[in-house]
Amino acid sequence: MEYTPNADQEISENEQPILQLEDVTIRYGDVPAVQNVSLAIARQQITSIIGPSGCGKSTLLRALNRMNDFIPEANITGRILYMGAELYSEETDPVDVRRKIGMVFQKPNPFPKSIFSNVAWGPSINGYREGIEDRVEKSLRRAALWEEVADRLHDSASSLSGGQQQRLCIARALAMEPEVILMDEPCSALDPVSTARIEDLMFELKKRYTIVIVTHNMQQAARVSDYTAFLESGKLVEFGETDQVFTRPRHNRTEEYVTGRFG
Amino acid sequence: MTNGSPENTASLLVGKVRFHWKEEVIRIALFLCAILSVATTLSIVVVLATEAFTFFENVSLGEFLLGGRWTPLLVPRSFGVLPLVCGTLLIVAGAALIALPVGLATAVYLGEYAPDRVRSIVKPVLEVLAGIPTVVYGYFALTFVTPLIRSIFPSTQIFNAASASIVVSIMVLPMVASLCDDSLRAVPLSLRQGAYALGATSFEVTTRVVVPASLSGVVASFVLALSRAIGETMAVTLAAGATPRMTINPLESIQTMTAYIVQVSLGDTPAGSVEYQTIFAVAALLFTITLMMNVIAHRVLRRFREVYE
Ligand SMILES: Nc1ncnc2c1ncn2[C@@H]1O[C@H](COP(=O)(O)OP(=O)(O)OP(=O)(O)O)[C@@H](O)[C@H]1O
Ligand SMILES: [Mg+2]
């Protein structure tokens, strides 16, 4: 790997990155899935992580809100700083981390409860009971779902379509008022129309939130993201502004991948 | 082998139509096995019904179901079954009070908290508990639990409902734990992850997502455990006594429906007499109650079952 990405360079000088990865290596047992990755996630921007299947995208994404803690054999070395604070230190409570850094999964996973209760769930376990109706409405509006569900808030979430369920899961994450939203292939189970809606939504969300998205879809990465990280076999091959990565890649593996010549 | 020629294909097909007598014998044998359990159940119901029917020619249904005195073997005779029902309920309530919460908590612990090593010890222990013959539980009640209770409450009678309740609860505990465990496990990992990703603690994920999502299984396991406790015989016969009594004091001696049936079956009550027929009436009532509980359990399971892909 002759090109070592210099993360700080990519981001406008005056803005400190919200998440900073320094030499992050993640292993399952002894097998490394992510190796020596350093990069910076810019605030209120969309960063996409692309790369062939099994290259460690999901592993890397889960490291950002400590969801790997639930995989007993996973271990991490290196540093991840969230707004300057160490994410993996003794003093950091992973529960607090996940309140600030929300996650949307590949397959919509609403709770088997009503639409309202799904969105209200996060705030309610964290003791925000006051003005819960407003909060639910605000979150559903931000997730571009309000119009469709306003008159059936107490129907079961399973009565929604797949795309609506995914937007409900986004609303559920937004209700926690997180800073960062991690999305792992959020559209891979959805049809093109629902996908387009979620992409539009991401542009809206960017005004308030930082988004990190894993995607297999090159067009999607090119369309929605400001920064792109290309991973291969756990190593960060290239990281930079999406425009540059797709049109003037510095590394020919990147070029081969984004032009669809492999993977 | 050269295949593909028309004759070959034809003869192959003709061979298939031949009567396979072996298959036919196997099919009939299997059918007979299957019918055996149905026939047994039906004949039990028929015997119960006819014997109970003759009983009700002598004693009115109203007197039986509503009467508060059960002295069929003593003069003056009285056939009010309520004291037996009350005895059974007392045992069941006590057992439920212990077994349901502890069983659910065990399942939650095993499924959500226990490290694999603990799980690999507790699970087999539960299975052993479930396999202990119930008469052993009865002796355990008499020789261990009762003295223990009497050392705390000296006024406790030798035969008492509390002791029987406690061992019945130990008896049904493995069933509650194992059925609850199954239904908690059926809740997909993705739901748990979704909850954790919202900044929930293990306790919140368990109590506010996993248990509610598997509520139907949990309730069904509760109902099945209750119906097992209602039908439990050996331990209550040994430990709870033979005194039909309308009481809610667990430290007193009582008699359950099942224990009464044992008493009469083993006693010298002449077959064919009204006294003897009482056991069929009691058994029919017992059967109706447990059947209803099982039907409810299945309804609950069907009605509230969450469908996960
Ligand atoms: N729980 C686990 N235990 C052991 N190894 C794992 C585990 N999860 C993932 N891996 C391994 O780590 C590597 C990276 O997996 P990861 O899921 O991060 O890939 P990915 O880039 O998200 O792939 P995909 O695009 O198919 O989702 C793979 O080789 C995978 O086999
Ligand atoms: Mg993945």
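Residues numbered from 1 in each chain as written. Chains lettered and ligands numbered in written order. Predicted model: local features only at pLDDT ≥ 70, side-chain atom pairs only at ≥ 80, totals over all residues. Heavy atoms only, no water.

## Topic: the overall build of chain A
Helix and strand counts for chain A stand at 10 helices and 10 strands. Over its C-alpha atoms chain A spans a radius of gyration of 18 Å, differing by no more than 12% from the 18 Å that the globule rule assigns to 263 residues. For chain A, the C-alpha atoms occupy an extent of roughly 55 × 45 × 40 Å along the three principal directions. Across the 263 residues of chain A, 56% fall into the buried class. Put simply, 69% of the contacts in chain A that link residues at least 6 apart link residues at least 24 apart. Side chains of chain A give 29 positive and 38 negative charges; the mean places of these two sets differ by 3 Å. (Helix = DSSP H or I, 4+ residues; strand = E, 2+ residues; numbered from the N terminus. Rg over C-alpha atoms; globule rule 2.2 N^0.38 Å. Buried < 20%, exposed > 50% of the residue type's maximum accessible area, 1.4 Å probe, protein only. Contact = heavy atoms within 4.5 Å. Lys, Arg positive; Asp, Glu negative; His and termini not counted. Charge placed at Lys NZ, Arg CZ, Asp CG, Glu CD.)

## A few points about the domain arrangement of chain B
All names here are of chain B. Domain boundaries assigned for chain B yield domain 1 (6-57) and domain 2 (70-304). For domain 1 and domain 2, the distance between their C-alpha centres works out to 36 Å. Contact residues are listed per partner, giving 8 residues for domain 1 and 9 residues for domain 2. When the two sides are added together, the surface that domain 1 and domain 2 hide from each other amounts to roughly 750 Å², 86% of it contributed by carbon and sulfur. A per-residue breakdown of the area domain 1 buries against domain 2 is headed by Leu48, Glu51 and Phe55, which together make up 70% of the total. Inspection of the domain 1/domain 2 interface yields 0 residue pairs in polar contact (both at pLDDT 80 or more). Of the residues belonging to the side of domain 1 that touches domain 2, the class tally is 6 nonpolar, 1 polar and 1 charged. (Domains from an automatic or database assignment. Buried area = accessible area lost by both parts, 1.4 Å probe. Polar contact = N/O pair within 3.5 Å; in protein donor to acceptor, adjacent residues only side chain to side chain. Nonpolar A, V, L, I, M, F, W, Y, C, P; charged D, E, K, R; others polar.)

## So, the site of ligand 1
Residues and elements named next belong to chain A. Taken together, 13 residues sit near ligand 1, with Ser53, Gly54, Lys57, Ser58 and Thr59 positioned nearest. Between ligand 1 and Tyr28 there is a distance of 3.5 Å, counted from a nitrogen atom to a side-chain nitrogen or oxygen. With respect to ligand 1, the side chain of His216 contributes an N or O atom lying 2.9 Å from an oxygen atom. Here ligand 1 has 630 Å² of accessible area as a free molecule, and 62% of this is covered by the chains. Here the residues of the shell around ligand 1 sort into 4 nonpolar, 6 polar and 3 charged. (Near = heavy atom within 4 Å. Areas by Shrake-Rupley, 256 points an atom, 1.4 Å probe, with all protein chains shown as cover.)

## Regarding unusual backbone geometry
Backbone torsion omega between Val75(B) and Pro76(B) reads -5 degrees, so that peptide bond is classified as cis. The backbone of Gln44(A) sits at a positive phi, close to 50 degrees, despite the residue not being glycine. Summarising the element assignment, Gln44(A) is placed in the loop between strand 2 (31-41) and strand 3 (46-50).

## Here we look at a nonpolar patch on the surface
All names here are of chain B. Judged by side-chain polarity, Ile28, Phe31, Leu32, Ile35, Val38 and Leu42 come together as a nonpolar surface patch covering roughly 570 Å² of accessible area. As for its placement among the helices and strands, Phe31 is situated in helix 2 (residues 21-58). Residue classification places Phe31 among the exposed positions, given a relative accessible area of 51%. (Patch = residues over 30% accessible without salt bridge, like charges linked within 9 Å, V, L, I, M, F, W, Y side chains within 5 Å. Salt bridge = Lys/Arg side-chain N within 4 Å of Asp/Glu carboxyl O.)

## Focus on the pattern of salt bridges
Residue and element names in this part refer to chain A. Throughout the structure, instances matching the rule amount to 23 salt bridges over all chains. Residue Arg79 pairs with Glu86 through a salt bridge whose shortest N-O separation is 3.3 Å. Residue class for Glu86 comes out partly exposed when judged on its relative accessible area of 27%. The salt bridge involving Arg253 is made with Glu232; its shortest N-O contact spans 2.6 Å.

## A few points about the environment of Asp184(A)
Residue and element names in this part refer to chain A. As for its position among the elements, Asp184 is in strand 7 (residues 180-184). The class for Asp184 is buried, based on a relative accessible area of 9%. A C-alpha to C-alpha distance of 20 Å links Asp184 and Leu87, two positions 97 residues apart in sequence. Those residues in contact with Asp184 that lie beyond four places of it in its chain are Ser58, Leu61, Val104, Phe105, Gln106 and Val214.

## Re the packing of aromatic side chains
According to the stated counting rule, one finds 13 aromatic pairs over all chains in the structure shown. Ring plane angle 20 degrees and centroid distance 5.2 Å describe the contact between Phe140(B) and Phe144(B), whose orientation is recorded as stacked. Pair noted here: Phe140(B) and Phe144(B) are both in helix 6 (residues 134-152), with a separation of 4 residues, about one helical turn. For Phe140(B), a relative accessible area of 34% gives the class partly exposed. Ring-pair connections join several aromatic residues into one group, and the members of that group are Phe55(B), Phe56(B), Phe64(B), Trp70(B), Phe79(B) and Tyr260(B). Its end group placed over the ring of Phe111(A), Arg172(A) keeps NZ or CZ at 4.3 Å from the ring centre. (Phe/Tyr/Trp six-rings, centres within 6.5 Å; stacked < 30°, edge-to-face > 60°. Lys NZ or Arg CZ within 6 Å of the ring centre and 35° of its normal.)

## So, the side chain of Arg135(A)
Residue and element names in this part refer to chain A. Mapped onto the elements, Arg135 comes out in helix 4 (residues 132-142). Among buried Asp, Glu, Lys and Arg side chains, Arg135 stands out as unpaired, with Glu177 the closest opposite charge at 4.1 Å. A distance of 2.5 Å separates a polar side-chain atom of Arg135 from the backbone oxygen of Ala175. Setting aside residues up to four positions removed in sequence, Arg135 forms contacts with Pro123, Tyr128, Ala175, Met176 and Glu177.

## Notes on the interface of chain B and chain A
Between chain B and chain A, the contact holds 19 residues from the first and 23 residues from the second. Ranking the residues of chain B by area buried against chain A places Ala197(B), Leu198(B) and Arg208(B) at the top, with a combined share of 37%. On inspection of chain B and its partner chain A, the count reaches 0 salt bridges. Taken together, the connections running from chain B to chain A amount to 5 residue pairs in polar contact (both at pLDDT 80 or more). The dominant element in the side of chain B that touches chain A, judged by the number of residues it contributes, is helix 8 (residues 189-196) of chain B, at 6 residues. A class-by-class count of the residues in the side of chain B that touches chain A yields 10 nonpolar, 5 polar and 4 charged.

## Observations concerning the state of the cysteines
Linking two cysteines covalently via their sulfur atoms produces the bond known as a disulfide. Residues and elements named next belong to chain A. Summed over all chains, the structure comprises 0 disulfides over all chains. No disulfide involves Cys169; its sulfur sits 12 Å from the nearest other cysteine sulfur, which is in Cys187. You can call Cys169 buried: its relative accessible area is 4%. (Disulfide = S-S within 2.5 Å.)

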